[in-house]
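# Per-entry structural report
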Amino acid sequence: MFTRSLIALGVYVVVLFALANIADRAAAFDRTIALPAMPTNCAIANADPDRVRERINTIRERSGLRPLRQSRVLVRAGDRHVRNLIRRGKLSHRGGDGRYFEHRVWDLDYDGTPRAENLAWNQARAKAVVAAWMKSPSHRRAILLPDVTDIGISYRCSTARGHFWSMIVGRSDREHERG
């Protein structure tokens, strides 16, 4: 009986591990998640995009990478997408027009190369969203890209849908584009 319990526990642990890996690998592929209604008190959120950028820069510096500077263009591109996600009630890297973050950034005349986008839903605190991204290998890779120079963090809260975050990183070709 004890042996069967141990085997069952082992199978359960293996299944949990496999599900965690599948969920993380799926994040690297395009998928759209329909979000449930999530009544949210936005007033109690401790969701400051500047704190997220500071935390990310601390992580980068500890990893021997240069800190990222805020780009107004990347912030605007992320903000537009976050508003779209709230309106659609979905979480997806693909916008309502079927295009991805690179196109949203280029539409705003970013003078550089958009490199990666991280999204998050329902983290009410800066510390929580960074911790969630760092636990995911694909999101962690985006944060630790060695060639990026710029970052844009966007946050919006919907009382009906919850907390939405976007992080876009890019490599600027011009110093004066940074803001």
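Residues numbered from 1 in each chain as written. Predicted model: local features only at pLDDT ≥ 70, side-chain atom pairs only at ≥ 80, totals over all residues. Heavy atoms only, no water.

### Quick look at the packing of helix α2 (residues 49–62) against helix α5 (residues 126–135)
Here is the rule we go by: Lines fitted to C-alpha atoms define the axes, with helix axes restricted to the stretch in contact, and inter-axis angles between N-to-C directions lie between 0 and 180 degrees. Strands here mean DSSP runs of E at least two residues long; helices mean DSSP runs of H or I at least four residues long; both are numbered from the N terminus. Each angle is binned into one of four classes, with values under 35 degrees roughly parallel, values over 145 roughly antiparallel, values of 65 to 115 roughly perpendicular, and all other values oblique. The hand of a helix crossing depends on one turn: near helix anticlockwise from the far one by less than a right angle means left-handed, and clockwise means right-handed. Whether two residues are in contact is decided by their heavy atoms: any pair within 4.5 Å suffices. Three residue categories are used. Nonpolar comprises Ala, Val, Leu, Ile, Met, Phe, Trp, Tyr, Cys and Pro, charged comprises Asp, Glu, Lys and Arg, and polar comprises the others, including Gly.
Contact geometry of α2 with α5 gives a least axis separation of 9 Å together with a crossing angle of 40 degrees. Between α2 and α5, the crossing angle belongs to the class labelled oblique. Here α2 runs over α5; the crossing is right-handed. On α5, the residues touching Arg51, Val52, Arg55, Ile56 and Ile59 of α2 are Ala126, Lys127, Val129, Val130, Trp133 and Met134. Broken down by class, the residue content of the contact of α2 with α5 amounts to 8 nonpolar, no polar and 3 charged.

### A few points about the confidence of the model for the protein
Threshold: A residue's pLDDT is the predictor's confidence in that residue, given on a scale from 0 to 100.
Confidence in the prediction of the protein, expressed as mean pLDDT, is 82, and 80% of residues score 70 or more. The low-confidence segment residues 1–29 (pLDDT under 50) makes 7 contacts with residues lying over four places distant or belonging to another chain.

### Observations concerning the side chain of histidine 81
Stated formally: Only protein chains enter the calculation, and the probe is 1.4 Å; a residue is then buried if its accessible area is under 20% of its type maximum, exposed if over 50%, and partly exposed in between.
Structurally, the position occupied by histidine 81 is in helix α3 (residues 72–88). When its relative accessible area of 1% is taken as the criterion, histidine 81 is described as buried. Residue contacts for histidine 81: discarding those within four places in its chain leaves Ser92, His93, Arg94, Gly95, Arg104, Glu117 and Leu119.

### Some remarks on the sheet that holds strand β4 (residues 112–121)
Whenever strands of a sheet pair, they do so through backbone hydrogen bonds, lying parallel or antiparallel. To keep things clear, this is the line we draw: For two strands to count as paired, DSSP must find a minimum of two bridges between them.
Spatially, 4 strands are ordered β2-β5-β6-β4 in an open sheet, and the strand pairing comes out mixed. Of all strands in the sheet, those bounded by a partner on one side alone are β2 (69–70) and β4. Here 9 bridges tie β4 to strand β6 (residues 162–172), and the two strands are oriented antiparallel to one another. Residue pairing for β6: tryptophan 121 is matched across the bridge by phenylalanine 164. α2 rests against β2, β5 (150–158) and β6 of the sheet, and its axis sits at about 140 degrees to β5. Where α5 meets the sheet, it contacts β4 and β6, and its direction lies at approximately 60 degrees from that of β6.

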